[in-house]
Amino acid sequence: MTKTLAHIILPLAIPLKYSYEVTDEWKDKIAVGKRVEVQFGVKRIYAGMVKEIYEKEMEEGDYEPKPILNVLDDEPILTPKQIVFWDWLSEYYMCTEGEVMFNALPSGFKLSSETKLVLNPNFDQDFSLLDDREYLIAEALTNQEEVTIEDVQDILELKNVFYIVKSLIEKSVIIAKEELQHKYKPKTKTCIRLSETYKDESTLEAFFEEISRAYKQQAIIMSYIQLSNEKEKQDLFDKKTVLTKANASSAQLKALIDKGVFEAVEVEVSRLQDDFEGETLNYELSVHQEEAYRQLKAGFEEKNVALLHGITSSGKTQVYIKIMQEVVAEGRQVLFLMPEIALTSQMISRLRKVFGSEIGIYHSKFNFQERIEIWQKVLRNEYKVVVGARSSMFLPFADLGLVIVDEEHDHSFKQYDPNPRYHARDASIYLAHLYGAKTILGSATPSIESYYNAAILKKYVLVEMTERFGGVEPPKIVIVNVSEAMRQKEMKSHFTSLLINEIKRVLKNNEQVILFQNRRGYSPYHICHDCGWIPKCHQCDVSLTYHKYANHLKCHYCGYTRQLVSKCDACGSTHLKIKGFGTEKIEDELQLQLPETKIGRLDLETARTKHGSERIINSFQEGKVKILVGTQMVTKGLDFDNVSIVGIVSADHLLNFPDFRATERAFQLMLQVSGRAGRRKKQGKVLIQALNPNHPTLKFVLYHDYLNFFKTELHDRNRYRYPPYVRMIRLTVKHKDKDKINEAANLLARYLKEGLPKMILGPTVPPVSRIRLYYLRHIIVKLPRDNKVVYYKEYIHQTIANMKLDKRFKSVVVQTDVDPY
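Predicted, not measured: the structure shown is a model, and the values here were computed from it. (Residues numbered from 1 in each chain as written. Predicted model: local features only at pLDDT ≥ 70, side-chain atom pairs only at ≥ 80, totals over all residues. Heavy atoms only, no water.)

S.K.: I'd like a description of the packing of helix α7 (residues 215-230) against helix α8 (residues 239-246), backed by residues and values.
M.R.: Where α7 meets α8, the axes come as close as 8 Å, and the angle between the chain directions of the two elements is 115 degrees. Seen from above, α7 lies across α8 with right-handed handedness. Mapping the contact onto sequence places Lys216, Ala219, Ile220, Ser223, Tyr224, Gln226, Leu227 and Glu230 in α7 and Thr241, Val242, Leu243, Lys245 and Ala246 in α8. When its residues are assigned to classes, the contact of α7 with α8 shows seven nonpolar, three polar and three charged. (Axes fitted to C-alpha atoms, helices over the stretch in contact; angles between N-to-C directions. Helix = DSSP H or I, 4+ residues; strand = E, 2+ residues; numbered from the N terminus. Left-handed = near helix turned anticlockwise from the far one by under 90°. Contact = heavy atoms within 4.5 Å. Nonpolar A, V, L, I, M, F, W, Y, C, P; charged D, E, K, R; others polar.)

This is the structure:
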């Protein structure tokens, strides 16, 4: 017997592939890229994605597939190219299709199985055996058909209600059923129109006579007629607009609806602010920009990927725009990836002046309802340009023609949790390949890998922009010796006298300042002066950071908080001191130095809300804030006309990390933040405070010398076998039992070394060895860049599976991170 089966991707981390039967009921409705309702396990119901539909001859003894329960979409929400992209992501980043699906789809498209409670049909309504709380639930179900667990919590005003529910089920009072809960609901507004009967003038006049004393009802009808005359082809008007014009109430309108004069209609509206008012602009390119544009166009004749290496303020954005306009004119779409949500508002306002309302924005600060609407608009090809963070590459582009990865070096493009642990720069290159699109990687400080691919291997087109727009000189960089300033007693809190004096000088000229400190919070730890005790997180192996604005200590790994301690937990001493400094402390102590100056702060705490970073950036751009203190958010492509001084408060914090990329990231961050100074009228100045002013990396920053930094770094990477000369995979072994994690990690490393000799490092204890109660161990795999990578990955998969066959290690978690750091 032949059956129609569908390979369904479930939003779960399951390695096996599951097929379901397509019964005759759904054969005309099912299609690849649609979601379907399926049962998985005994009770659970999931919305899965149709990946493939095929016929199979069923033989005796074959497993009987479960049937598809429902088709949830009228049209596919996923394109065939996206399914191929999901496949590639799961294979390259060594994860399951379900994990890719869970990460790629907006939460509004994910249907969750939710427990619903209903009254047992066999219940005889005898409430005498129930206690007070059980009675309240049973009574609620006599008045309504069903309740959720959340409803029960509200009724009883309790958080833990499962034992009460369990008792009611055991007493056969209620039963639980599993249903799919649809999360997305379109936003609607109520509109009104005249009913067919009252469109006749004589009938309407007669009704007017009947309500001669109902002045407000007459005003509503007159307001509706006036709006109809203003907009001849429109007969449906927003309820609020009509009521405002008539100065009437909803009750007075309801009376007219009840009498059949008007009809109320719910109309779906967008949650997105896409309206653009004003004329679009055309940017004129400078001679140097025109040359970069010409080189890109010529390079794209032979290659599909280009690296645009332009120094800060060289005008890379205008070159992007010129190429984007050509792609949009062809009717194709553009994906513009940016590393930080904080950047998007400034870039969007610039791009809207060129592309008007054809541009959309997509990032994690949007709620799931808004994300669904953006998804649908991209699928319908209504948005020609999409600007967003890394998650925007999962959108269902109809015809993608260009991908731009701005600030391609930025590590924010790397996803660390959950799976897939992808890098948006690398993944977007493959995405563009699927559509036959071109890719531009742009940066003032390219990643070592990208510059290696362009300059050494010649895989990419390399275009250099070496002059600032308008001929403005690059900022003058000064390395300030903090050790010497401390010896000379010239420090004012965390600021050298030179930095403070320069800040005061530019403020007198009504200019602005950016101060960079790559650590948020007030101070990284408290310490007991008598015994050295430091408050630590009880779930993680880290000290608690002091946040003054909330007056508490907080773990930046798990979110655990406790009140600020006034007494040592170890010895009882009250001599506790604050050590180190973050952005809060910089802001606080600078305000003491400059009490009349308005100071703002841009870090994760101040930018948490949807428009938080936008408000801070706008205030600084409008000159309301004179000094902006921030973490790496202030380094990423922001464009301010009036910034004359940039201060890096502590370069040592950037350079002293146990990471092979530490010097690369420090160089990039310092040069990027330096580029915020003097972008328009005159040369800016950068002051870098350092305890060790002779560090080699600081010398490269001092002379804006990317090329020699690249050569030095490449030499070290080759010597010690690090990317780009090898491929790296990091295995993180996790368990709550310290002894078990050590045993499991050692066993796994031993197995791996048998099949991959000289490729395995570890296991090692990471700098933060416990997070959320889980102990961690790292195993690093360094693979040669040959054509056996698929074999190597399969061997790693199989070795992990073999380790887990040992019952002792069944609960041990192994996370795989391809191209870590």
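S.K.: Tell me about the pattern of salt bridges, and name the residues and values.
M.R.: All told, the structure shown has 36 salt bridges when counted by the stated rule. The shortest N-O distance in the salt bridge between Lys3 and Glu21 comes to 3.5 Å. In this pair, Lys3 sits in strand β1 (residues 2-9) while Glu21 sits in strand β2 (residues 18-21), placing the two residues 18 residues apart along the sequence. Where Glu291 meets Arg294, a salt bridge forms, and the shortest distance between an N and an O atom there is 2.7 Å. Linking Glu291 with Arg294, this pair stays in helix α10 (residues 287-299), spanning three residues, or about one helical turn. A relative accessible area of 33% places Glu291 in the partly exposed class. (Salt bridge = Lys/Arg side-chain N within 4 Å of Asp/Glu carboxyl O. Buried < 20%, exposed > 50% of the residue type's maximum accessible area, 1.4 Å probe, protein only.)

S.K.: A description of the packing of α10 against helix α11 (residues 316-329) should follow, citing residues and the corresponding values.
M.R.: It is at 9 Å that the axes of α10 and α11 come closest, and there the two elements cross at 45 degrees. Our classification of the angle between α10 and α11 gives oblique. Of the two elements, α10 crosses α11, and the hand of that crossing is right-handed. Where α10 approaches α11, its residues Gln289, Ala292, Tyr293, Leu296 and Lys297 are matched on the opposing element by Gln318, Val319, Lys322, Ile323 and Glu326. Of the residues in the contact of α10 with α11, the class split is five nonpolar, two polar and three charged. (Parallel < 35°, antiparallel > 145°, perpendicular 65-115°, else oblique.)

S.K.: Please provide a residue-by-residue account of the sheet that holds strand β26 (residues 561-563), values included.
M.R.: Overall, antiparallel pairing links the three strands, which are arranged β24-β25-β26 in an open sheet. The outermost strands of the open sheet, each flanked by one partner alone, are β24 (545-547) and β26. This sheet shows a mean twist of 35 degrees between the axes of neighbouring strands, independent of strand direction. One ladder, built from three bridges, connects β24 with strand β25 (residues 552-554); its direction is antiparallel. Paired with Tyr546 across the two strands is Leu553, which belongs to β25. (Pairing = 2+ DSSP bridges.)

S.K.: Tell me about the packing of aromatic side chains, and name the residues and values.
M.R.: The tally for this structure, following the rule as stated, stands at 25 aromatic pairs. Here Phe667 and Tyr706 contribute two aromatic rings whose centre-to-centre distance is 6.2 Å and whose plane-to-plane angle is 45 degrees, an arrangement assigned as tilted. Taken together, the residues span a long stretch of sequence, with Phe667 in helix α21 (residues 662-674) and Tyr706 in helix α23 (residues 706-720) at a distance of 39 residues. Across the pair, exposure class does not vary: Phe667 and Tyr706 are buried alike. Three or more aromatic residues joined by ring pairs make a cluster, and in this case those are Phe85, Trp88, Tyr92, Tyr93, Phe394, Tyr422 and Tyr430. (Phe/Tyr/Trp six-rings, centres within 6.5 Å; stacked < 30°, edge-to-face > 60°.)

S.K.: Help me get a handle on the nonpolar core, residues and values and all.
M.R.: In this structure, Trp86, Met324, Met670 and Leu731 are the most contacted members of the largest nonpolar core, which totals 145 residues. Other than its neighbours up to four places away in sequence, Met670 contacts Ile648, Ala651, Leu654, Leu655, Ile688, Leu698 and Val701. (Core = buried A, V, L, I, M, F, W, Y, C linked by side-chain atoms within 4.5 Å.)

S.K.: Explain a nonpolar patch on the surface residue by residue, including any values.
M.R.: Together, Tyr135, Leu136 and Ile155 line one region of the surface with nonpolar side chains, adding up to about 230 Å² of accessible area. Look at Ile155 and you get partly exposed, because its relative accessible area is 34%. (Patch = residues over 30% accessible without salt bridge, like charges linked within 9 Å, V, L, I, M, F, W, Y side chains within 5 Å. Areas by Shrake-Rupley, 256 points an atom, 1.4 Å probe, with all protein chains shown as cover.)

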